[in-house]
Amino acid sequence: MVTDTEITVYHRPATLTDLGTHYCPGCTHGIAHRLVAEVIDEMGLRETTIGVASVGCSVFAYNYFDFDFVQAPHGRAPAMATGIKRVLSDRIVFTYQGDGDLASIGMGEIVAAAGRGENITVIFINNANYGMTGGQMAPTTLPGMKTTSSPNGRDVESQGYPIRTAELLATQEGAGYIVRRSLHDPKNIRLAKKAIRLAFETQVRGLGFSLVELLSSCPTNWGMDPVDALRWIEQNMIPYFPINDFKVHPVIASLRI
Amino acid sequence: MVKELLKGNIAIAEAAVRAGLQAYFGYPITPQTELLEYLSKRMPELGRTFVQAESELGAINMVYGAACTGVRVMSSSSSPGISLMMEGLSYIAGTELPVVLIDVMRGGPGLGNIAPSQQDYNQIVHGGGHGDYYPIVLAPANIQEAIDLTVLAFDLAEKYRSIVIVLLDGSLGQMMEPAELPPMQPLRESYPEWATRGAIGRERRIHTSIYLNPVEQEKTNLRILQRWQEVKKNEVRYKSYFLEDAEYVVIGFGTAGRVALSAVRAARAEGNKVGLLRPVTLAPFPAQQIEALAGSSKGILVVEMNSGQMLDDVMACVKGRTPVHFYGRPGGIVPLPDEVLVEIHRMTEKSGRLNGHPRDQWLERMVQHI
Amino acid sequence: MQTEIIISGFGGQGVLFAGQLLAYAAMEQSLQVTWIPSYGPEMRGGTANCTVIISDEEIGSPVVGSPKVVLALNLPSLDKYEPLVKAGGLLIVNASMVDRAPQRTDIQTVMIPASEIAESLGDKRMANMVMLGALLGNLPILPEEAIAKVLREHTTERMQKLLSANLEALKRGMNYLVEKVK
Ligand SMILES: Cc1ncc(C[n+]2csc(CCOP(=O)(O)OP(=O)(O)O)c2C)c(N)n1
Ligand code: SF4
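Quantities reported herein were computed from a predicted structural model and do not represent experimental measurements.

Notes on the overall build of chain C
Then step 1. Broken down by element type, chain C carries seven helices and six strands.
Then step 2. Listed N to C, the secondary structure of chain C is β-α-β-β-β-α-β-β-α-α-α-α-α in terms of helices and strands.
Then step 3. By the compact-globule yardstick of 16 Å for 182 residues, chain C fits well, its C-alpha radius of gyration being 15 Å.
Then step 4. In terms of overall dimensions, chain C has a C-alpha envelope of 40 × 40 × 40 Å along the principal axes.

Observations concerning the overall build of chain A
Then step 1. In terms of helices and strands, chain A carries ten helices and nine strands.
Then step 2. Summarising its shape, the C-alpha atoms of chain A cover approximately 55 × 50 × 35 Å along the three principal directions.
Then step 3. Counting every position in chain A, which comprises 257 residues, the buried fraction comes to 56%.
Then step 4. The long-range share in chain A, meaning contacts at least 24 apart out of those at least 6 apart in sequence, stands at 68%.
Then step 5. About 10700 Å² of surface is accessible on chain A, with carbon and sulfur atoms providing 55% of the total.

Some thoughts on the packing of helix H1 (residues 8-18) of chain B against helix H6 (residues 143-160) of chain B
All names here are of chain B.
Then step 1. The contact between H1 and H6 brings their axes to 9 Å, and the two run at 30°. With respect to each other, H1 and H6 are oriented roughly parallel. Note on packing geometry: the crossing formed by H1 with H6 is right-handed. Judged by residue contacts, Gly8, Ala11, Ile12, Ala15 and Ala16 of H1 engage Ile143, Ala146, Ile147, Thr150, Val151 and Phe154 from H6.
Then step 2. In terms of residue class, the contact of H1 with H6 is built from nine nonpolar, two polar and no charged.

Digging into the interface of chain C and chain B
Then step 1. Counting from both sides, the interface comprises 22 residues of chain C and, opposite them, 29 residues of chain B.
Then step 2. Of the roughly 1900 Å² buried at the junction of chain C and chain B (both faces included), carbon and sulfur atoms supply 63%.
Then step 3. The tally of links between chain C and chain B comes to two salt bridges.
Then step 4. Note that Arg265 of chain B is salt-bridged to Glu57 of chain C, the shortest N-O span being 3.5 Å.

Here's the deal with the site of ligand 2
Then step 1. As a matter of local geometry, ligand 2 sits amid Tyr23, Cys24, Cys27, His29, Cys57, Asn127, Gly131, Cys218, Pro219, Thr220 and Asn221 of chain A.
Then step 2. A breakdown of the residues in the shell around ligand 2 according to their chemical character gives six nonpolar, five polar and no charged.

Considerations on the pattern of salt bridges
Then step 1. Within the structure shown, the criterion is met by 51 salt bridges over all chains.
Then step 2. The partner of Glu96 of chain B in a salt bridge is Arg227 of chain B, and the shortest N-O contact between them spans 2.7 Å. You can see Glu96 of chain B sitting in the loop between helix H4 (79-94) and strand S5 (99-105) and its partner Arg227 of chain B sitting in helix H8 (residues 214-234), a full 131 residues away along the chain.
Then step 3. Between Arg188 of chain B and Glu158 of chain B there is a salt bridge; the shortest N-O distance is 3.0 Å. You can see Arg188 of chain B sitting in the loop between strand S8 (176-179) and H8 and its partner Glu158 of chain B sitting in helix H6, a full 30 residues away along the chain.
Then step 4. Taking the relative accessible area as the measure of exposure, Glu158 of chain B reaches 24% and is therefore partly exposed.
Then step 5. When salt bridges with common partners are traced through the structure, they connect Arg34, Glu38, Glu42, Lys193, Arg197, Glu201 and Arg205 of chain A into a single cluster.

Focus: helix H7 (residues 186-204) of chain A
Then step 1. Along its 19 residues, H7 of chain A runs 27 Å from first to last C-alpha, staying within 8% of the 27 Å computed at 1.5 Å per residue.
Then step 2. Within two residues after H7 of chain A, Gly206 of chain A carries a phi angle of roughly 65°, on the positive side.

Remarks on helix H4 (residues 127-138) of chain C
Residue and element names in this part refer to chain C.
Then step 1. Look at H4: 17 Å from first C-alpha to last across twelve residues, which is about the 16 Å you get at 1.5 Å a residue.
Then step 2. In terms of residue burial, H4 counts as a mostly covered element, since eleven of its twelve residues are buried.
Then step 3. By the burial criterion, the buried members of H4 are Ala127, Asn128, Met129, Val130, Met131, Leu132, Gly133, Ala134, Leu135, Leu136 and Asn138.

Quick word on the packing of aromatic side chains
Then step 1. Within this structure, the stated rule accounts for 17 aromatic pairs over all chains.
Then step 2. Relative to Phe69 of chain A, the ring of Phe67 of chain A has its centre 5.8 Å away and its plane inclined at 20°; by these criteria the two rings are stacked. Of the two residues examined, Phe67 of chain A and Phe69 of chain A, each falls in the buried class.
Then step 3. Considering the side-chain rings of Tyr121 of chain B and Phe253 of chain B, the 5.6 Å spacing of their centres and the 40° angle between planes classify their relative orientation as tilted. Of this pair, Tyr121 of chain B sits in helix H5 (residues 121-125) while Phe253 of chain B sits in the loop between strand S10 (248-251) and helix H9 (254-269), and the two are 132 residues apart along the sequence. Here Tyr121 of chain B and Phe253 of chain B have matching classes, each one buried.
Then step 4. Ring-pair connections join several aromatic residues into one group, and the members of that group are Phe65, Phe67, Phe69, Phe94 and Phe200 of chain A.
Then step 5. Sitting over the face of the ring of Tyr240 of chain A, Arg164 of chain A holds its NZ or CZ atom 3.8 Å from the ring centroid.

Remarks on the packing of helix H5 (residues 144-153) of chain C against helix H7 (residues 163-174) of chain C
Residues and elements named next belong to chain C.
Then step 1. It is at 10 Å that the axes of H5 and H7 come closest, and there the two elements cross at 160°. When the interaxial angle is binned, H5 and H7 end up roughly antiparallel. Where H5 crosses over H7, the two elements pack in a sense that is right-handed. Packed against H5, whose contacting residues are Glu144, Ile147, Ala148, Leu151 and Arg152, the element H7 presents Leu163, Asn166, Leu167, Leu170, Lys171 and Met174 at the interface.

Re the sheet that holds strand S2 (residues 23-26) of chain B
Residue and element names in this part refer to chain B.
Then step 1. One open sheet accounts for seven strands, arranged S3-S2-S4-S5-S7-S6-S12; its pairing is mixed. One side of each edge strand has no neighbouring strand; the edge strands of this open sheet are strand S3 (49-52) and strand S12 (281-283). Adjacent strand axes in the sheet meet at a mean angle of 20°, parallel and antiparallel pairs treated alike.
Then step 2. The pairing of strand S6 (residues 136-138) with S12 spans two bridges and is classified as antiparallel. Opposite Leu138, over in S12, you have Thr281 as the bridge partner.

Some words on the side chain of Thr322 of chain B
All names here are of chain B.
Then step 1. Structurally, Thr322 can be placed in the loop between helix H11 (310-318) and strand S14 (324-328).
Then step 2. Here the side chain of Thr322 touches Lys298 through a polar contact of 3.5 Å, landing on its backbone oxygen.
Then step 3. One polar contact links the side chain of Thr322 to the main-chain amide nitrogen of Gly299, over a distance of 3.2 Å.

Description of the pairing of strand S4 (residues 69-72) of chain C
Residue and element names in this part refer to chain C.
Then step 1. A two-sided burial pattern is seen for S4, the buried positions comprising Val69 and Leu71 on one face and Val70 and Ala72 on the other.
Then step 2. Strand direction decides the pairing type here: strand S1 (residues 2-10) and S4, joined by four bridges, are parallel. The residue bridging Ile7 from the neighbouring strand is Leu71, located in S4.
Then step 3. In this structure, S4 lies alongside strand S5 (residues 90-94), joined through four bridges in parallel fashion. If you follow Ala72 over to S5, its bridge partner there is Val93.
Then step 4. Crossover S4 to S5 through helix H2 (residues 75-81) is right-handed.

Remarks on the side chain of Ser262 of chain B
Then step 1. Relative to the helices and strands, Ser262 of chain B is located in helix H9.
Then step 2. Those residues within four positions of Ser262 of chain B in sequence are excluded, and the remaining contacts are Pro337 of chain B together with Gly60 and Ser61 of chain C.

Focus on the confidence of the model for chain C
Then step 1. Of the residues in chain C, 93% have a pLDDT of 70 or more, and the chain-wide mean is 91.
Then step 2. Per-element averaging of pLDDT across chain C places helix H6 (residues 157-161) of chain C at the bottom with 78 and S4 of chain C at the top with 98.

Thoughts on the nonpolar core
Residues and elements named next belong to chain B.
Then step 1. One finds Leu39 and Met74 to be the most contacted residues of the largest nonpolar core, which totals 121 residues.
Then step 2. Among the elements that make up this core, the one with the highest residue count is H6 (eleven residues).
Then step 3. Two domains each put at least three residues into this core: domain 1 (4-234) and domain 2 (238-367).
Then step 4. With residues near it in sequence (within four places) discarded, Leu39 still touches Ala13, Val17, Leu21, Tyr24, Pro44, Phe50 and Met74.

About the thresholds
Residues numbered from 1 in each chain as written. Chains lettered and ligands numbered in written order. Predicted model: local features only at pLDDT ≥ 70, side-chain atom pairs only at ≥ 80, totals over all residues. Heavy atoms only, no water. Helix = DSSP H or I, 4+ residues; strand = E, 2+ residues; numbered from the N terminus. Rg over C-alpha atoms; globule rule 2.2 N^0.38 Å. Buried < 20%, exposed > 50% of the residue type's maximum accessible area, 1.4 Å probe, protein only. Contact = heavy atoms within 4.5 Å. Areas by Shrake-Rupley, 256 points an atom, 1.4 Å probe, with all protein chains shown as cover. Axes fitted to C-alpha atoms, helices over the stretch in contact; angles between N-to-C directions. Parallel < 35°, antiparallel > 145°, perpendicular 65-115°, else oblique. Left-handed = near helix turned anticlockwise from the far one by under 90°. Nonpolar A, V, L, I, M, F, W, Y, C, P; charged D, E, K, R; others polar. Buried area = accessible area lost by both parts, 1.4 Å probe. Salt bridge = Lys/Arg side-chain N within 4 Å of Asp/Glu carboxyl O. Near = heavy atom within 4 Å. Expected span 1.5 Å × (residues − 1). Phe/Tyr/Trp six-rings, centres within 6.5 Å; stacked < 30°, edge-to-face > 60°. Lys NZ or Arg CZ within 6 Å of the ring centre and 35° of its normal. Pairing = 2+ DSSP bridges. Polar contact = N/O pair within 3.5 Å; in protein donor to acceptor, adjacent residues only side chain to side chain. Right-handed = clockwise from strand over helix to strand, strands pointing away. pLDDT = per-residue confidence, 0-100. Core = buried A, V, L, I, M, F, W, Y, C linked by side-chain atoms within 4.5 Å. Domains from an automatic or database assignment.

This is how it looks when you write it as structure tokens:
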């Protein structure tokens, strides 16, 4: 029974639609969606935000957010976002991209966008494989990790090394805010939310390109139950992809929220 | 050799391996990915080259590079990925290199879906990349053909220094049928006289597609065209069913051709004299055969899994000599034999002239689906 | 002669595998055969189905609108495919997983508690074998021995361990005979 001493401490963010997602049970895509929606709510940006969905499991992200959205070709979301932002410079434009989309086929677009200091925000989901197509090797696949296209484990001699995207993009002069966070436990999820907030704050203030890399799970293609998958992020991904701030604009660094 | 139950994507991959594929470069995309996944295991096992590229753009240019060295090289993809390869294909054509490409088509345009479709016909058959070039296009309709045509693709590519594309829809990639794989060919030991493999004890060789002097470019284009004339003379392939006494003809390739075969059999069972022409080479197109059928038949029905792309090529051969009808299911839908049978009835019942373009007529009948 | 068979159920009920067994067996009998799965987003968690066409001549369309035989392993499959079975055709229903009987009277129907039978033999996942047995019992398109041979020769080690149970499941299914409709 509701009494006047009860307060709601947990509710669905207003900008998250009332739809069950198509993500697999235990997949952290859903958490990332929620964090973005909470930030958009808190900053009051629903009416001015335009999202750009990419190609990957999150291709249907537009179904879950209650604001304008477009859907880009594989890897090209930063270019589409640029087109929108250049025409509507007072709007908030963000892309939501997986690691295959952003760090493989779309590596050109993302580096160019960061280099131009494009005033957009990028939510980058690193789950160490191509989820949607059934778990092939991605640029973020760890050495020795088995995927459907590295059946004997990623052999760095012939298949190269995982790319540390946040570190790479932080070398760009045009970048205003580049950090890596993880979604494997509540504490890290809270830190991830704060980072997403700061990334949007960067854009609102016109301080250049902002990106939050989120270490994320893919229990389905990793062949693990959801809890093991979270543990796997902590034990295997974080050592290779350290959680860190790689570039933070001084204005953002001094921001208290 | 014994028959095995083989899945299309895997059968093509293994056929290419046995045809002497030395290097594969690709990128995952449904419904073709199993081909790449299979080769990610198989090629290294044999000490051959497999690279999952950063994109289809990367893949086709890796193919371009490897082709310069004279080895048997291949990539595979599906519609959106093939679109990305178009620039590379034009360069490869302009450099006159032999390359094999597998396109397992899905529904579109755009991201579309992963259901079977024949949406890439125009892009593949009529170029897609810029410039005057003529890829050879092979269209299997079953797993055995997919195997045989993949092997043939490598031979034709080298014979005519041409791009050869094996064009199939997603359902063939996923389908299993009994089929026989060819014996393993040894990898080649000698290389064509144009291969750039290091100028050891010989003059240097160069591969480029830039001809700043238009006169040289024109020469190249004419040379490519001349080779294409040879292809047209020698390499037309098709399958015909019940054509000997056919009054009406159905034309369809790949899976649409197979669906049409069921419909044609049903029409025959009803006593209708209907036959089927199933082009196996889409380029070169069986133009003479279709011209002859236009002269001898009371009507032609084109069936495709798109909005009528091959239709234009058929009409160019028919030149108005017999009514042409069209039935298509675009967007990732495989027509059912009964639907095609209805269209056969429509054709045989009113065999007179059509008023209007067959595509317009068809669209009017499709309004119910919009 | 051509027989079209659609096998449909939840992902995990082994419908694709059952179809492949049929395809292998048909191949062993030197018949023409085509196996085609539903593929795509449908597969993740949802329903799965495959079409198997067995013929003594070149197979035309790999897809059919009205199959001669349907094996429905769950209720959504029964709902979807009952109306499509060709008149005079055969509909085999996993009675363990549905709460209604088929309504059509112009087709043969077999209601067989396949999941229960499979469970009594040690593993519910063998319901697909029971259903296959019911198919062969009621429409002898392939000899039982052909399927048994494939089970012995073309399956994984895990299946091999369960071989005798699977063969038994097949047999139990074959005993569920129905009367032919005129
Ligand atoms: C040009 C092109 N190539 C390939 C594909 C196929 N494709 C769809 S999703 C995807 C990978 C997505 O992986 P990722 O970006 O890591 O996202 P995830 O699914 O893991 O969230 C690929 C390769 C495509 N749609 N378009
Ligand atoms: S495949 Fe992986 S990334 Fe995609 S929804 Fe499932 S768990 Fe998430």
